[in-house]
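Here's the letter readout for the chains.
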Amino acid sequence: MSQNRWLATGNFYTTYREEQRTFSTHLDRTIFTLFLVLLFAWPMFFDLGNKYMFVVDNILIAIVAVMGLNLVTGFAGLISIGHAAFVGIGAYTVASVCRTMGTSHELVTHFWPLLIVLSGLMGAIFGGLVGLPAFRLKHLYLAIATLSFQMIFQWVINFMTFFNQGQTISIGRVYWITGKVGRGDHYEFWYYAILVIVILLGFGIRNLLKTKYGRALVAVRDNDRAADAMGMHPGLTKVYAFALAGFFAGVAGALHAYVFRGVGFESFTLHESVSYLAMAIVGGLGTLNGSFWGPVAIRMLDLQVEHLSEAAASYLPQGTNLATASKPLTFGLVIVLFLMFEPRGIANWWRITKSYTKLWPFRY
Amino acid sequence: MTELKISDVTLSFGGLKALSDVDMTIEPGLITSIIGPNGAGKTSMLNCISGFYHPTQGDIFYKDKKLTHASPHQISNMGIARAFQNLELFSGLTVLDNLLLARHQNLKYSFLHAVFFFGKASRVESENRSFVEDVIDFMELEPYRKSLVGNLSYGIQKKVEVARALTLAPDILLLDEPMAGMNIEEKEDIVRFVMDIQKERNITVVLVEHDLGVVMDISDRIYVLDFGEVIGSGTPEEVSQNPKVIEAYIGEE
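None of the values given here were measured: they were computed from a predicted structure. Counting restarts for each chain: residues are numbered from 1 in the order of the written sequence. As a convention, the first chain written is A and the first ligand written is 1, with the rest following in written order. Where local features are concerned, this predicted model is filtered to residues with pLDDT of at least 70; where side-chain atom pairs are given and counted, the filter is 80 or more; whole-chain, interface and lining totals use all residues.

K.L.:
Let's hear about the overall build of chain A: which residues, and what values?
P.N.:
The helix and strand tally for chain A stands at 15 helices and four strands. Two things to know: the radius of gyration comes from C-alpha atoms, and the globule rule equals 2.2 Å times the number of residues to the power 0.38. At 22 Å, chain A has a C-alpha radius of gyration in line with the 21 Å of a compact globule built from 364 residues. Taking the principal axes of the C-alpha coordinates as reference, chain A spans close to 65 × 50 × 50 Å. For chain A, buried positions account for 43% of its 364 residues. Any pair of residues counts as being in contact when their C-beta atoms, constructed from backbone geometry, are within 7 Å of one another. Partitioning the contacts of chain A with sequence separation of at least 6, the portion at a separation of at least 24 is 75%. Here a strand is any run of E in DSSP of at least two residues, a helix any run of H or I of at least four, and the numbering for each starts at the N terminus. Each residue is classed by its C-beta neighbour count within 10 Å, where at least 20 other C-beta atoms makes it buried, 12 or fewer makes it exposed, and intermediate counts make it partly exposed; the C-beta atoms are placed from backbone geometry.

K.L.:
I'd like a rundown of the interface of chain A and chain B, residues and numbers included.
P.N.:
With 24 residues of chain A in contact, the opposing surface of chain B contributes 31 residues. Those elements that place two or more of their residues in the side of chain A that touches chain B are α1 (16–19), α8 (186–209), α9 (212–222) and α10 (224–229) of chain A. Gly falls in the polar group here, along with every residue not listed as nonpolar (Ala, Val, Leu, Ile, Met, Phe, Trp, Tyr, Cys, Pro) or charged (Asp, Glu, Lys, Arg). In the side of chain A that touches chain B, the residues fall into 10 nonpolar, seven polar and seven charged.

K.L.:
Please give an account of helix α6 (residues 112–131) of chain A that cites residues and values.
P.N.:
Residue and element names in this part refer to chain A. Given the number of residues in a helix, its expected span is that number minus one, multiplied by 1.5 Å. Over its 20 residues, α6 extends 28 Å from the first C-alpha to the last, a length consistent with the 28 Å expected when each residue adds 1.5 Å. Among all positions of α6, only Trp112, Leu115, Ile116, Ser119, Gly120, Met122, Gly123, Ala124, Phe126, Gly127, Val130 and Gly131 are buried. For α6, the secondary structure elements touched by its buried residues are α4 (83–101), α5 (106–109), α7 (139–159) and α11 (234–260).

K.L.:
Could you give an account of the confidence of the model for chain A, with specific residues and numbers?
P.N.:
Across chain A, the average pLDDT comes to 86, with 95% of residues at 70 or higher. Highest mean pLDDT in chain A belongs to α11(A) (93); lowest belongs to α1(A) (75). pLDDT gives the predictor's per-residue confidence on a scale running from 0 to 100.

K.L.:
Account for the pairing of strand β4 (residues 57–62) of chain B, with residues named and values stated.
P.N.:
Residue and element names in this part refer to chain B. For two strands to count as paired, DSSP must find a minimum of two bridges between them. In this sheet, β4 lies alongside strand β1 (residues 4–13) in antiparallel orientation, the contact comprising five bridges. For Thr10, the partnering residue across the bridge sits in β4 and is Gln57. As paired strands, β4 and strand β5 (residues 65–66) are joined by two bridges and run antiparallel to one another. If you follow Phe61 over to β5, its bridge partner there is Lys66. Hairpin connection from β4 to β5: two residues lie between these consecutive antiparallel strands, with Lys63 at a positive phi of about 50°.

K.L.:
Tell me about the sheet that holds strand β2 (residues 16–26) of chain B, and name the residues and values.
P.N.:
Spatial ordering of the open sheet is given by β2-β1-β4-β5 (chain B), a layout of four strands whose pairing is antiparallel. On the outer flanks of this sheet lie β2 and β5 of chain B, each paired with one strand and no other.

K.L.:
Would you mind going over the packing of helix α3 (residues 49–75) of chain A against helix α12 (residues 270–283) of chain A in detail, with residue names and values included?
P.N.:
Residues and elements named next belong to chain A. Note on method: axes are straight lines fitted to C-alpha atoms, helices fitted across the in-contact stretch only, with angles between N-to-C directions ranging 0 to 180 degrees. Close contact between α3 and α12 brings their axes to 9 Å; oriented N to C, the two are set at 75°. Between α3 and α12, the angle is such that the two are roughly perpendicular. Note on element contacts: α12 touches α3 through Tyr276, Leu277, Met279, Ala280 and Gly283, opposite Ala62, Ala65, Val66, Leu69, Asn70, Thr73 and Gly74. Residue composition of the contact of α3 with α12, by class: eight nonpolar, four polar and no charged. Here the angle decides the label: under 35 degrees means roughly parallel, over 145 means roughly antiparallel, 65 to 115 means roughly perpendicular, and every other value means oblique.

K.L.:
So what's going on with the sheet that holds strand β7 (residues 172–176) of chain B? Residues and values would help.
P.N.:
All names here are of chain B. In space, the six strands of this open sheet follow the order β6-β7-β8-β3-β9-β10, with mixed pairing throughout. Each edge of the open sheet carries a strand with a single partner, namely β6 (80–83) and β10 (229–234). Shown here is a sheet whose adjacent strand axes are inclined to one another by a mean of 15°, direction ignored. Of the pairings in the sheet, the one linking strand β3 (residues 31–35) to strand β9 (residues 221–226) comprises four bridges and is parallel in character. Of the residues in β9, the one forming a bridge with Ser33 is Ile222. Docked against the sheet, helix α1 (residues 42–50) engages β3, β6, β7, β8 (204–208) and β9, running at close to 150° with respect to β7. Together, β3, β7 and β8 form the strand contacts of helix α7 (residues 184–200), whose direction differs from that of β8 by roughly 155°.

Here is the structure:
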């Protein structure tokens, strides 16, 4: 019924159902579709090479993980410093299948989508278990509980022979309709696979946030006493938030295992947990698009710092490892600067840009 | 019939007795007020009913169901809603979302429906929205629908608080000082809403309030608490004649 569905100007809703749409104008939807097409098309015209495709894959995996972390920390307000451990749970689910059934068992190589979902569920189970203290603990105390899970995870991996004591457990190459995915196509293949997963999960979150399952998360963040009076069990809601985050982390872990073609404990340390948290903060806590900006920004920063240090190293005496020193420095600096000047993260810039262009072509 | 019965409720924190042997009956369809000087235990009484505190002794019955040890979310699902004295709103959300949240238990669709947002979830959510719009209309909150609750003025926030309790579609509405800190005009507004809630929506109202003028005007029953004990009860006329009540409020002659 609305008169003009192309621009926000003159776009009126006449039913409540119209207001539920993900894209409020045709223009928004068209731009988004074109952007997706671009994402799928660019590797065909532009060969990035294995080295950089690997970085892109890594960014996408981080996006999956940070989407989960943003749900539990951004939306439900529960700080989780053990997110890398949940990612590890996913990766080690794939690794355990490899250990028990062999590296190139059909489940690993042919039914990998199934295994990815299974890893997600495993992550959700552990997420729920680790979330149990949320019944009693709040704020920083809960954060410490998640930290302890991180420690327990690292300890278990390092000492169990089943997990090769944290040494790399290799994962076989997967098959697609076209046959075995070889060395040359590996990163490009996983780029597409992860991209599809990111899009599906992104729309999933978007939908979830429109319903009671999403609103419940925000309710326990803002005021869990009132949430209780509104008829939801605050403890269970928090456990559910952790399970949800665990699912995303589990999926990210399985993807990590496949892309790296091996699982070793050093990818799931406390440092990684803090990185994920930083990505969520830089991207913008409590926003969906923040989960995309954050990983891109932090991973790109790492890459640029590495390049700059390499360039600078030629002017310095030999043996000074500039990259190792400047990486943590810039990482910390970026977080501090963001916390000081833009606590709402890059997502806020996006919001501002959108509100400026909303009434286009009119100024007011 | 719906009836809330509070029998011999004692609430003590260590040696301090916040409530001692309180007996109350809340009749359906009436406005019952609980008054008393500061620290008399009025809010403690509401906290006991709504499940945030559990009485040390005694029981609370609602429609023959015992809710002495039920938790707040169970009680709100039984049809007893509560508006808080110190605003307990979801300040990061819009007025609309605050009210939508209150419908949590009434929305019946599964998690999978929510993730894919097909058919049922979409339908239930739009029905839900029209229910909420009804409440917004009733409480005259239309101009603030899309504004963040944290940015609204105190008077409006209080109204949102009442509206949110109303969105739970309760049989009994507990209002904890809905008029505190308001000017005359806003007070008149809220009084009108409270009376409308009782008459049009047929909801039993339990009101805790300091403004005796308002209480005497609109209440059908009044309970007077002092130091955790009921010192007087009955219709407004009876209470205002009660020597004990006069003593508690004005002091001995």
